[in-house]
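Take a look at the letters that make up each chain.
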2 protein chains.
Amino acid sequence: MTSLTLYAAKYLVKRALDLDDDTPDLTTPDEDLEDSNPVENEIFSSWALFILLFLLSSALWSSYFLQQRKIKAVHETVLSIFCGMFVGLIIRMSPGHYIQDAVKFNPGYFFNILLPPIILNSGYELHQANFFRNIGSILTFAIPGTFISALVVGIILYIWTKLGLDGIKLEFVDALAVGATLSATDPVTILSIFNAYKVDPKLYTIIFGESLLNDAISIVMFETCQKFHGHPVHFSSFFEGIGLFLMTFTISTIIGFLIGIFVALILKHSHIRRYPQIETCLILLFAYESYFFSNGAHMSGIVSLLFCGITLKHYAYFNMSRRTQIATKYVFQLLAQLSENFIFIYLGLSLFTEVELVFKPLLIIITFASICVARYSAVFPLSNFLNFLFRTRFEKFSGMNANSIPDEISHSYQMMIFWAGLRGAVGVALAMGFQGEAKWTLLATVLVVVVLTVILFGGTTASMLEILGIKVGCVDETADSDDEFEIEAPRIALSNSTNTPVMGHRKNQSQSTHYKDVVQHRNHSSSSVSSHPDLLDAFDDGELLSNDIDDLITAPTPSLPNHNRSRSDGGAGVLGAFLSAEEHAKWFTRFDEEVLKPVLLDTLPKNRDGEV
Amino acid sequence: MTSLTLYAAKYLVKRALDLDDDTPDLTTPDEDLEDSNPVENEIFSSWALFILLFLLSSALWSSYFLQQRKIKAVHETVLSIFCGMFVGLIIRMSPGHYIQDAVKFNPGYFFNILLPPIILNSGYELHQANFFRNIGSILTFAIPGTFISALVVGIILYIWTKLGLDGIKLEFVDALAVGATLSATDPVTILSIFNAYKVDPKLYTIIFGESLLNDAISIVMFETCQKFHGHPVHFSSFFEGIGLFLMTFTISTIIGFLIGIFVALILKHSHIRRYPQIETCLILLFAYESYFFSNGAHMSGIVSLLFCGITLKHYAYFNMSRRTQIATKYVFQLLAQLSENFIFIYLGLSLFTEVELVFKPLLIIITFASICVARYSAVFPLSNFLNFLFRTRFEKFSGMNANSIPDEISHSYQMMIFWAGLRGAVGVALAMGFQGEAKWTLLATVLVVVVLTVILFGGTTASMLEILGIKVGCVDETADSDDEFEIEAPRIALSNSTNTPVMGHRKNQSQSTHYKDVVQHRNHSSSSVSSHPDLLDAFDDGELLSNDIDDLITAPTPSLPNHNRSRSDGGAGVLGAFLSAEEHAKWFTRFDEEVLKPVLLDTLPKNRDGEV
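Residues numbered from 1 in each chain as written. Chains lettered and ligands numbered in written order. Predicted model: local features only at pLDDT ≥ 70, side-chain atom pairs only at ≥ 80, totals over all residues. Heavy atoms only, no water.

K.L.:
So what about the overall build of chain A? Which residues, and what values?
P.N.:
Scanning chain A for helices and strands turns up 27 helices and zero strands. Here chain A, with 612 residues, has 65% of them falling under the buried criterion. In chain A, 83% of the contacts between residues at least 6 apart in sequence involve partners at least 24 apart. For chain A, the computed accessible surface area is about 21,500 Å², with 67% contributed by carbon and sulfur atoms. (Helix = DSSP H or I, 4+ residues; strand = E, 2+ residues; numbered from the N terminus. Buried < 20%, exposed > 50% of the residue type's maximum accessible area, 1.4 Å probe, protein only. Contact = heavy atoms within 4.5 Å. Areas by Shrake-Rupley, 256 points an atom, 1.4 Å probe, with all protein chains shown as cover.)

See below:
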């Protein structure tokens, strides 16, 4: 068995990472085609893929057991990395260099196959109310935060290399490029931990949003630095870079938004919901197209995809057949989960299989230290800045004394945000693009540092949560109720989405009107009740049509209570209320309610604006 | 815009078909890595993928419009082929050979990425009652049928080439290999048409089962022929081949079955249903592993995956959390749909982009004629054979007069089975493996013939259905009710699959006991009622707990009525009854009921045996 495994392991990633090894080599198609016997190739790639899948499933199993046994110290992603390292070791041991050459971390795969599902799912799963409530903090940490961190790392590395102890020379732009790659925090590990612990939505959202956006930002920064590689850098180029970045960010957002709108309109004005299978495929395809189009147009695919996901959930979601609503949600989750695990296996793997890597311990230590410093000097000043803004802003609104106002971001939150700054695969993928002779050293450094951060910070996050006494176990009802809602609604939705579209509208209306009823009902008894009581009430009333049953069961666990809850989570009590009130007075929400939704939605689930 | 498209089209499939173009070339990793700037590569592959996705979505759109406008003449897959041909034409026009070299039909992709989802979904969606009821006919058409057709095509081609009009020389084994590639009928097009028309389940099942199995069989035959390529062929090798084939088929089936069982046991004995996301991933992974393991072990992955899918649906399905039941179903469907469309786009593409192809019109015509002859000489004799068997068998059971017995497979069915014999992508994928100097001619021939069959037969199937007066519009309630069931059950299932596993068992029991009630209830009023009446009854009874409501709503649209219906669909009236009765007396069903299900299932949904 082990010999089999070894035999297989040899072909493992070689074949797996280039399935199309049998596509004719461009220079000499013929000779290559000679041996392109699909049967043979199939055998090889079969073993490769078999073992990859085996690694994946074992990673998932381990994560299951960890969750089962409530083990906090070790985390799934860490295990995945070790899984990968183990196999990487086997490959490294096995004779012959060609496998090791073949299993190099492959940016093409990463950016085109592994990354999109994660981003899309993030956007789709995003708790929009919280996200937009904390958008200020998120953008602050994401944009200036990433700039600062990249700058700090860049400067430290530049100085260090100037000392010449490691005998490597770096231009400043290259040092800055390294800084950029190491400023992309990882949206995967932390969040899966936070999900497991149901951490306070506010903190969750801030870290989540930041880690999503700063991937995009560090990518753009990296590209900008690469443009200046080898050219003399003027002071103006700094602003040039910033301008370039802002433009990219804005346009990407718009692309994503527009495609989301486009889908919503298509769904509204076509009868495609009668063919849910096609509908589901199309939505997935459109989302991906936003990513690839944006990348192709030299914009940031991540940003586009993220906002496309958000827009889809905010508008298009309501025009989908119920089957598609469920399907998209589950499909995105599945793909994301698989990619996440695969990425970390992949990282661990390449640690051993990148033969050209040049490891310089000193440099690695310095870099690791520098990213900690950078993260520190990004998080804390910005948090204080935010707190200051918040305080003044609040004073202006209510004449309260500044000192009596709690912080927007308490110190424990700041510490957690700092701790959550572990780096992810995006950095490594970018680092593949380094140029110049220092390339292999830098790549090795980035790779090791990333793995270190994941293992150290990722492994200790859970304990850190306890040490900092951060509020955990905040049951995010919306998620559950959303699922519940999705699972339970669809009898009518389905039947008419497949059979009679007319009924579809009737049902939708009855549903949306029903929301109002429910919510009024809730407002009287503002406790977060499940829908069973209604059911029973209804039965007492005696006037009961199957349709009503559907509606009653269709009722999501109450929207408003969640809303209040999530508000009281984000922002402290009265502040939260005041803030979210102010929030909802904002022009966008009004515009959204009065213009966009009527135009885009088939029916108006009025009372769910914040939630959906 | 067009210029953009052209620009993109150039990179289109080059990058798309080998994403990892930037993995270092094995011989000279360094120079290759020099230009492995992820950013650049990303741009290229982004455009490639964007256009591929665009093609996919346009194919889906067209299929939507076709279904919308009830257009029968043209079919989705035909459109996909033309889509591909169009782009292929653009690429062919565009200067430079390297793109054309790069977009060659790639067996690696086909076998490892595109084919598995389709097979898996087929197995999972399979209406098992019908399948096993007609297993005899299916195997007859699949195994001897494919042999005959391959043999006939082989002989005709051999004789033709011996005449030497085209100046190509073929050994007999090579001719036979061509025959094998052209004996794999396509499971996609016909079935999507049949689904759209809700064709009589019996005919559907036979054609479906045949087209699934004969892919596997022709693959095995092809491999066997390849083994004999260049070697002297003795008469013994014929039996050697047959023996080899039967062994492969059996072992593959067992592999698939065992892995399915394994999953069922894991699900039963672990609490993984509490983590539905992981559960879903694992089930997908295991299914794929059965495919790759089987391929890796020189067995037939298709057969394994097919039976793995069937076993999963038959056993594991009942141990899954409801969320996973829904998720797996939708995910498999989605993946299958995407692959199907992509395959046909791909076929059309390679028609223009395979530069080395040598088209010999005469040979193509002869081959096309020969596959028709082959199909004819396979379908009709075997059908008559089946009818004969059926008649004698029936006479033995009931002393009726043989002449008064309707055919098992009526003449119109025979014609339809003949017509459904259009060839698919499997053939082309296999044809890539041809050896010898005639290779390019044969590949071209196979490619053209396949596309021709899809366009001709596929395009005319709908009209053929009418001409032959085949029963259409047989509403397959099981499918709907199954969906309905899946969508409506899960309140409790979900809540406990995520929160309290103990409740899970309680619910399962209550559910399974509930099935009995329902079915008894049904038996009294054997009309196919929806679950609303029960609901209302229950309310009259007044004794109503939310739990009961769940159970009541959990009730699938009645199992037995469907059962009866599908029986009366398959088999003619009394015959059907008699047959299926005999069917259910069979040892396997008993073994299944009395041994396997108790061992494998968490709860016994007793009255659904045939359905699930």
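K.L.:
Help me get a handle on the packing of aromatic side chains, residues and values and all.
P.N.:
We describe a pair of aromatic rings using the distance from one ring centre to the other and the angle between the two ring planes. Residues and elements named next belong to chain A. Going through the model one piece at a time under the given rule, you end up with 48 aromatic pairs over all chains. Measuring from centroid to centroid gives 5.6 Å for W61 and F65, while their planes differ by 25°, and the two rings are stacked. Pair noted here: W61 and F65 are both in helix α3 (residues 38-69), with a separation of four residues, about one helical turn. Judged by its relative accessible area of 16%, W61 is buried. Classification of F65 as partly exposed rests on a relative accessible area of 37%. Just above the ring of Y124 sits the side chain of K313; from NZ or CZ to the centre is 5.3 Å. (Phe/Tyr/Trp six-rings, centres within 6.5 Å; stacked < 30°, edge-to-face > 60°. Lys NZ or Arg CZ within 6 Å of the ring centre and 35° of its normal.)

K.L.:
Pulling in residues and values, what's your account of the pattern of salt bridges?
P.N.:
All names here are of chain A. According to the stated counting rule, one finds two salt bridges over all chains in the structure shown. Between E210 and R375 there is a salt bridge, and its shortest N-O distance comes to 2.8 Å. With E210 in helix α11 (residues 201-228) and R375 in helix α16 (residues 361-397), this pair connects stretches of sequence that are 165 residues apart. Accessibility assignment for this pair places E210 and R375 in one class, buried. (Salt bridge = Lys/Arg side-chain N within 4 Å of Asp/Glu carboxyl O.)

K.L.:
Describe in detail the packing of helix α8 (residues 135-163) of chain A against helix α9 (residues 172-181) of chain A, supporting the description with residues and values.
P.N.:
Residues and elements named next belong to chain A. Where α8 contacts α9, the two axes come as close as 7 Å, and the packing angle between them is 130°. Viewed along their axes, α8 and α9 adopt a mutual orientation that is oblique. Crossing geometry of α8 relative to α9 is assigned as right-handed. Touching A150, L151, V153, G154, I155, L157 and Y158 of α8 are F172, A175, L176, V178, G179 and A180, all from α9. Considered class by class, the residues forming the contact of α8 with α9 number eleven nonpolar, two polar and no charged. (Axes fitted to C-alpha atoms, helices over the stretch in contact; angles between N-to-C directions. Parallel < 35°, antiparallel > 145°, perpendicular 65-115°, else oblique. Left-handed = near helix turned anticlockwise from the far one by under 90°. Nonpolar A, V, L, I, M, F, W, Y, C, P; charged D, E, K, R; others polar.)

K.L.:
Can you lay out the environment of S270 of chain A for me, pointing to particular residues and giving the numbers?
P.N.:
Here S270 of chain A lies in the loop between α12 (236-269) and α13 (276-296). Residue S270 of chain A is classed as buried on the basis of its relative accessible area of 12%. Along the sequence, S270 of chain A and S183 of chain A sit 87 residues apart, while their C-alpha atoms lie 44 Å from each other. Here S270 of chain A is in contact with W61 and Y64 of chain B, once residues within four sequence places are set aside. A distance of 3.1 Å separates the side chain of S270 of chain A from the backbone nitrogen of I272 of chain A, its partner in a polar contact. (Polar contact = N/O pair within 3.5 Å; in protein donor to acceptor, adjacent residues only side chain to side chain.)

K.L.:
Requested: an account of the packing of α13 of chain A against helix α14 (residues 301-314) of chain A, with residues and values cited.
P.N.:
Residue and element names in this part refer to chain A. Interhelical geometry of α13 versus α14 gives an angle of 150° and a closest axis separation of 7 Å. The orientation of α13 relative to α14 falls into the category roughly antiparallel. Classified by chirality, the crossing of α14 by α13 is right-handed. Here I283, A287, S290, Y291, S294 and N295 of α13 lie close against α14, whose contacting residues are G301, I302, S304, L305, C308 and L312. A breakdown of the residues in the contact of α13 with α14 according to their chemical character gives seven nonpolar, five polar and no charged.

K.L.:
Quick one: what's the story with a nonpolar patch on the surface, residue by residue and with numbers?
P.N.:
Residue and element names in this part refer to chain A. Together, L151, I155, I159, L163, L165, F172, F235, F238 and F239 give the surface a local cluster of nonpolar side chains, amounting to about 910 Å² of exposed area. The set of elements that each furnish at least two residues to the nonpolar patch consists of α8 and α12. In terms of residues, the nonpolar patch owes the most to one element, α8, which gives four residues. (Patch = residues over 30% accessible without salt bridge, like charges linked within 9 Å, V, L, I, M, F, W, Y side chains within 5 Å.)

K.L.:
Just give me the short version of the environment of I366 of chain A, but keep the residues and values in it.
P.N.:
Residues and elements named next belong to chain A. By the element assignment, I366 lies in helix α16. With a relative accessible area of 21%, I366 lands in the partly exposed category. Residues I366 and I156, spaced 210 residues apart in sequence, show a C-alpha to C-alpha distance of 8.3 Å. Those residues within four positions of I366 in sequence are excluded, and the remaining contacts are I156 and W160.

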